[in-house]
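# A closer look at the structure
This is what each chain is made of:
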Amino acid sequence: MNDAPGPDTALNADLHSHSVVSDGTLTPEALAERAHRNGVQLWSLTDHDELAGQHRAAAAARRLGLAYLCGVEISVSFASETVHIVGLGIDPDDPTLVQGLAATRDGRDRRARLMADALAQAGVPGAYEGALRFAGNPALISRTHVARHLVETGVCRDTGEVFRRFLVPGQPGYVPHRWAALDAAVGWIRGAGGVAVLAHPGRYQRLGSLGEHALFEAFQAAGGEAVEVVTGSHSPDQYATYAELARQRGLMASRGSDFHSPQESRVDLGGLPPLPATLVPVWEALRTRVLR
Ligand code: AMP
Ligand code: MN
Ligand code: MN
Ligand code: MN
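Figured I'd write up the structure that's included with this text.

Thresholds, definitions, all that
- Residues numbered from 1 in each chain as written.
- Chains lettered and ligands numbered in written order.
- Predicted model: local features only at pLDDT ≥ 70, side-chain atom pairs only at ≥ 80, totals over all residues.
- Heavy atoms only, no water.
- Donors = N, O, S within 2.8 Å, 3.2 Å for Na, K, Ca; no water.
- Helix = DSSP H or I, 4+ residues; strand = E, 2+ residues; numbered from the N terminus.
- Buried < 20%, exposed > 50% of the residue type's maximum accessible area, 1.4 Å probe, protein only.
- 1 Å grid on protein atoms, 1.4 Å probe; cavity = no way out; pocket = protein on both sides within 12 Å on 5 of 7 lines; lining within 4 Å.
- Points joined across faces, edges and corners; volume = space filled by probe spheres on them.
- Nonpolar A, V, L, I, M, F, W, Y, C, P; charged D, E, K, R; others polar.

Let us look at the coordination of the manganese ion (ligand 4). Note on the manganese ion (ligand 4): its protein donors are His16 (NE2), His18 (NE2), Glu73 (OE) and Asp258 (OD). The metal-donor distances range over 2.1 to 2.2 Å. Within one chain, the residues serving as donors to the manganese ion (ligand 4) are arranged as H-x1-H-x54-E-x184-D. Here the manganese ion (ligand 2) and the manganese ion (ligand 4) are spaced 4.6 Å from one another. Taken together, the positions of Glu73 in strand E4 (residues 71-78) and Asp258 in the segment after strand E9 (252-256) put the pair 185 residues apart, joining distant regions of the chain.

Here the focus is the coordination of the manganese ion (ligand 2). Donor atoms from the polypeptide that bind the manganese ion (ligand 2) are Asp23 (OD), His48 (NE2) and His260 (NE2), placed at 2.1 to 2.2 Å. Between the manganese ion (ligand 2) and the manganese ion (ligand 3) there is a metal-metal distance of 5.6 Å. One end of the pair, Asp23, is in the loop between strand E1 (13-14) and helix H1 (28-37); the other, His260, is in the segment after E9, and 237 residues separate them in sequence. Here the two residues Asp23 and His260 agree in accessibility, since each one is buried.

Let us look at unusual backbone geometry. Here Asp49, not a glycine, exhibits a phi torsion of approximately 55 degrees, which is positive. Mapping Asp49 onto the fold places it in the loop between strand E2 (42-43) and helix H2 (54-64). Within the chain, Asp258 stands out as a residue other than glycine whose phi angle is a positive 60 degrees.

The volume enclosed by the largest pocket comes to roughly 1400 Å³. Arg143, Phe163, Arg203, Ser233 and Asp258 are the residues nearest the centre of the largest pocket, which is lined by 41 residues in total. Every element with two or more residues in the lining of the largest pocket is listed here: E4, strand E5 (81-88), helix H4 (108-121), helix H6 (143-152) and helix H7 (159-165). Looking at the lining of the largest pocket residue by residue, the classes come out as nine nonpolar, 20 polar and 12 charged. Here the second largest pocket is characterised by a volume of approximately 170 Å³. Along the walls of the second largest pocket sit 10 residues, with Leu11, Leu42, Trp283, Val290 and Arg292 positioned nearest its centre. Looking at the lining of the second largest pocket residue by residue, the classes come out as six nonpolar, one polar and three charged.

Have a look at this one:
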């Protein structure tokens, strides 16, 4: 009967963002300041497959009086799709998590060279060297860095165009890659004291509805407990779709901009609408993991 947002779902939590430690363009410190300035009340830096920014982010947040959850976004292979699992409230020094992520990162350099070879075949040379210049952390060289190079050199107008014309299945420069296994990634997160969140489920449309069902089943069977509902990757229609799915499946809900860069990101830190008030926010289960 209560349509007004409750105090918990109304919290301006932004639990998905990227720094120069992976494929963002701002430092952890600059992100903390931007989050604070934008009114974020609970923040998490969730770099891809890497924890090197966590202590910096937590220290910067503490200086600003901004509540912080340690975080990570793990690349996982499920069927033939790449799926992202966000871990929140993790211990960034947990050895099993640290080792698992190191193994997940392994092979990114080889993949980047193969992507560049494929782009060269398609008439776009020099992409490996070009991408490296954008990679703050060469071990985390990603499609985003290749995309920035293709924009800088005028091959595409913006990174959105890159991800339509290149680097995706069926287009030049796509290289299939084997990431972590879903149950392994969820296990590392739980073992490190965190909650596993299925990131931006609206982005896995290639799975089809049966595949999506299988993904949620496998995620929950592995111990996954939450799903991103309000994210920079979803349309308002998808907020409603995944809010309903969260309720049906008894999953907690998360909210995060997936902010990468002031130039590239559609949604700024803290800029999303609140979670629907009928959902259980993931931060309910993470009270003891918040750093202040
Ligand atoms: P990778 O981990 O190397 O496969 O790169 C994945 C990253 O590419 C994601 O984390 C996003 O930052 C970026 N990305 C993927 N798809 C898109 C898209 N359609 N538009 C802009 N960026 C994208
Ligand atoms: Mn990214
Ligand atoms: Mn992602
Ligand atoms: Mn992300």
